[in-house]
Structures are given as structure tokens and as C-alpha cells.
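Breakdown of the fold
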Amino acid sequence: MNEWFFSFENVTGGPYALDYAKTFAREHQGAYCWRQGLPDWIPVYDATEIRPMKKDGVTPFPPTPAAMMSPKPTTLPVVTPLANPVDAQASSIVAQSSSGFGRDSVTEGIDFKIVGHEMQFVEIELDPGESAVAEAGAMMYKSADVKMETVFGDGSASQQAGIMGLLLGAGKRLLTNESLFITVFTQTAQCKGKVAFAAPFPGTILALNLKDYDRKLICQKDSFLAAAKGVQIGIHFQRRILTGLFGGEGFIMQKLEGDGWVFVHAGGCLQRIELSAGETLHVDTGCLAAMTSSVDFDIQQASGIKTMLFGGEGLFFAKLTGPGTVWLQSLPFSRLAGRMFSAAPQGGGRQQDEGSILGGLGNLLGGD
């Protein structure tokens, strides 16, 4: 049985057929993998059958440093054979899922699965009476028995103490460029229901249990997608003036607090890095997606006038100092939007063909 299981960011998924397992390993090089016949979980680099390879198909990527590996699971998965193990497309439906997803019994906390690669969505499974919250307009589909209600603020218990509490919560969301309202989805029937939320642009949905991070997480603005009801969505102020001006995130970031699962979205793929006490990492100012509250966020001037002016990375780096965990995104939305804007026709004209040395004359000769 050549069916693979993976564990990435404390989430276990599988079984996957070999073709999809190779793709998953290449996109999640810090993951652990397991299949029948192996005595324990191993890093994907050590699995010769699915080892991440470069474009030539021969040269393997270098092994992921131990500090950047996801946590190693303590238990082996229960093997459930695929109906058609050679069908890679069928096996790629679930990229990540919680251990309770798909069970008939009621479980503690919301259950979920994350589907897709570049354009992901998260499907949440609600027990009777259980609720989830999401950004207005994020819903993809839901069961008929799931009741949808729009509320002012973030819907947490801390904001049900009168009109002032509601206004304060809504005002915090407004400062982070979010809607004044949030949508609550509740399963009303005595059975399980489902609701799914889609990412707004190509990237990765990150599922995190706030209990594992001291009940608090700091994220970039606009990154919140959905969460268990009760999670508080607030603001985090940058107290350093220069960091707020040049840190790439502005003076205000999102702060997520509570005990449940949260789902945040970032552009491109994500890299999780564990920083030890005093360890420092320099990051492009737009690539910080999220961090634990223990990480110190400051800025570092790029070295040399020539580097600052012509290096293409701006005047400053984001300086992250541990201890704590940071998540970095490979494609900030600002970078994506800038590339799209620069490639768009200017002044109502049409875009020049890429690589054409004829410019506008090429369009005339092409007849388009």
C-alpha cells in the first residue's frame, strides 16, 4: 500500500496517492510524512519516493533546517485505504483536515478541512448548535440547516455588553480595513452541517488553534477569513513610529484572541519559522503574514545607499526577534497588485505583447 500521510502545522491529512504525495512534499518541505512500513514519521526529505526535487527532476532540494520543520506528530494515523489509490486527483481533495472532520459523533471545537492549492477554501463542519464566524462575503456554500446572521462587531461575548461594546468592536475592525459587520453561521438542526469559506486571492489558508499560541496571534491586516465563534478580532498598535511608517504593515495589525480555531489567509505559500530567544530574522517588509505576540517587530535599515536605491527591496527590512513563531508569505497582495497594475494597459490603451520588439507595430501586423 503506497498511500502517504502528512503532518504540517499540527494538522494531519491523508491517505494520498503517490503522485499527489510528491506534489504535497514539494509544496510543504517542512512537513513530516508516513506510510505503512515506516516505523515512525519522517521528514519529507528523507522519503526517497517523494523527496522534493527541483525542476530538472534529479536534483533534490536541500533538507529543511530543524528549526523550520513543523512539529513532529506523536501518534501514527489510522489507515483508511483509498477507493482508488492511483487516482491522484481524487486523493488531492483534502490538503489538510482536523482529526474530527467527518465523524458522526460530536467533537470538541469545530472540525474542518482545507481544500485546494493555489485557490483554497476551508470547509467547516458544525455540530448541532455550534457556530462559526467569517468575513462578510467570504461564504462559498452552506448546508440548508445552517442559519446565517449578520452582527455588528465580531460577535464575541466580550462585545455583548451594550451599545458601547458593539461600537468599540466595530471600530476596531474598521481600523483594520474590515467590514463593520461579521457573519455568524449556526447549525440549527440536530445533525451536522457544513459551511465553506473561500480565499479572496491566490494563496494559502493557515489553520491555527489559539490555545497553542498563548491565546493570541498578531496578523497582517485583511488576513482574517473565519474562526470559531467567540474568537475576538481586535487591533494591535505598532508603538514604534518608524516601524509603523516603514515596517510594511502600518501602525495597525489584526489581533486574534481566544481559545478556538482561526483561519487566516496569506498570499502565495507560507513558511513557518521558529525563533529562539534573541534570534533575529530580516524579512521583506511585506512578507510578514503572522506572528506570535512574543516576537518583537522592528525595522532594520538596508545596508548602503546603493543597495537602498537600486536593490529593489526598499529602504528597510522587517526585523523579527524571538522567542516565538513567525509565518512568512511568498506573495504579498501589494506585490501582486503592483505587478498587475504595471502590466495593465495605461491610458485606456491595450497592453503591449510580451517580448515583442515591434511594440505597437506588432499589434498592427498581427491583425488583432
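This one's a predicted model, so the numbers in the text were calculated from it and none came from an experiment. (Residues numbered from 1 in each chain as written. Predicted model: local features only at pLDDT ≥ 70, side-chain atom pairs only at ≥ 80, totals over all residues. Heavy atoms only, no water.)

1. Points about the overall build of the chain
The test is simple: Every helix listed is a DSSP run of H or I at least four residues long, and every strand listed is a run of E at least two residues long, numbered separately from the N terminus. Exposure categories follow from relative accessible area, calculated using a 1.4 Å probe and restricted to protein chains: below 20% of the type maximum is buried, above 50% is exposed, and the middle band is partly exposed. Contacts are assigned to residue pairs with any non-hydrogen atoms lying within 4.5 Å of each other.
On a plain count of helices and strands, the chain comes out with seven helices and 24 strands. Counting across all 368 residues of the chain, residues that qualify as buried make up 45%. Considering only intrachain contacts with a sequence separation of at least 6, the fraction spanning at least 24 residues in the chain is 71%.

2. Brief notes about unusual backbone geometry
In the segment running from Gly322 into Pro323, the intervening peptide bond is cis, with an omega of 15 degrees. Examined against the element boundaries, Pro323 turns out to sit in the loop between strand S23 (316-321) and strand S24 (324-329). Despite not being glycine, Arg215 has its phi angle at roughly 65 degrees, a positive value. You can see Arg215 is positioned in the loop between strand S13 (203-209) and strand S14 (216-219). Located in the positive-phi region is Asp222, a residue other than glycine, with phi close to 70 degrees. In this structure, Asp222 sits in the loop between S14 and strand S15 (224-228). Owing to a relative accessible area of 43%, Asp222 belongs among the partly exposed residues under this scheme.

3. A short note on the sheet that holds strand S1 (residues 4-8)
Just so we agree on the cut-off: Any two strands with at least two DSSP-identified bridges between them are counted as paired. What counts as an axis is a line fitted to C-alpha atoms, over the stretch in contact for a helix, and the angles between N-to-C directions run from 0 to 180 degrees.
Here four strands make up an open sheet; going across it, the order is S2-S1-S3-S4 and the pairing antiparallel. Both edges of this open sheet fall to strand S2 (11-16) and strand S4 (42-43), since each of them pairs with a single strand only. Bridge count for S1 against S2 is four bridges, and the pairing is antiparallel. Across the sheet, the residue bridging to Phe6 is Gly13, located in S2. Sheet contacts for helix H1 (residues 18-27): S1 and S2; angle to S1, the most-contacted strand, approximately 20 degrees.

4. Quick look at the confidence of the model for the chain
This is how the line gets drawn: For every residue, the pLDDT score states the predictor's confidence, bounded by 0 at the bottom and 100 at the top.
Per-residue pLDDT for the chain averages 77, and the proportion of residues at 70 or more is 73%. For residues 82-94, every residue scores under 50 in pLDDT, and the model assigns this stretch 25 contacts once sequence neighbours within four places are set aside. Considering only residues more than four positions removed or in separate chains, one finds that residues 360-368, a stretch of pLDDT under 50, has six contacts.

5. What about the layout of surface pockets?
So the rule is basically this: A cavity here means a set of points on a 1 Å grid, drawn over the protein atoms and nothing else, where a 1.4 Å probe fits but cannot get out; a pocket is an open set with protein on both sides within 12 Å along at least five of seven lines, and a residue lines either one if it has an atom within 4 Å of a point. Grid points are joined across faces, edges and corners, and a volume is the space filled by probe spheres set on the points. By the convention adopted, Pro, Cys, Tyr, Trp, Phe, Met, Ile, Leu, Val and Ala count as nonpolar, Lys, Arg, Asp and Glu as charged, and the other residues, Gly among them, as polar. As used throughout, domain bounds are those supplied by an automatic or database domain assignment.
Computed from the structure, the largest pocket encloses a volume of approximately 870 Å³. Considering the residues around the largest pocket, the lining is formed by 34 residues, among which Thr12, Gly13, Ser97, Ser98 and Ser99 are closest to the centre. Listing elements by their share of the lining of the largest pocket, those giving two or more residues are S1, S2, strand S6 (111-115) and S13. Top element by residues in the lining of the largest pocket is S2. It accounts for five residues. Here the lining of the largest pocket is composed, by residue class, of 16 nonpolar, 13 polar and five charged. Both of domain 1 (4-68) and domain 2 (111-339) provide at least three residues apiece to the lining of the largest pocket.

6. Topic: the sheet that holds S15
With antiparallel pairing, six strands are arranged side by side in an open sheet as S10-S11-S8-S15-S18-S13. Two strands lie at the open edges of the sheet, namely strand S10 (146-152) and S13, each paired on one side alone. Across the sheet, the mean angle separating the axes of adjacent strands is 20 degrees when strand polarity is ignored.

7. A closer look at the pattern of salt bridges
The following threshold applies: By definition here, a salt bridge exists when the distance from a side-chain nitrogen of Lys or Arg to a carboxyl oxygen of Asp or Glu is within 4 Å.
According to the stated counting rule, one finds eleven salt bridges in the structure shown. Its salt-bridge partner being Glu125, residue Lys192 comes within 3.3 Å of it at the nearest N-O pair. Taken together, the residues span a long stretch of sequence, with Lys192 in the loop between strand S11 (181-187) and strand S12 (193-198) and Glu125 in strand S7 (residues 121-126) at a distance of 67 residues. Given the relative accessible area of 23%, Lys192 is considered partly exposed. Residue Lys216 is joined to Glu257 by a salt bridge in which the shortest nitrogen-to-oxygen separation is 4.0 Å. Of this pair, Lys216 sits in strand S14 while Glu257 sits in strand S17 (residues 252-257); the two residues are 41 residues apart in sequence, bridging distant segments of the chain. The class for Lys216 is partly exposed, based on a relative accessible area of 26%. Overall, Glu257 belongs to the partly exposed group, its relative accessible area being 24%. Salt bridges sharing partners connect three or more residues here, namely Asp111, Glu125, Asp127 and Lys192.

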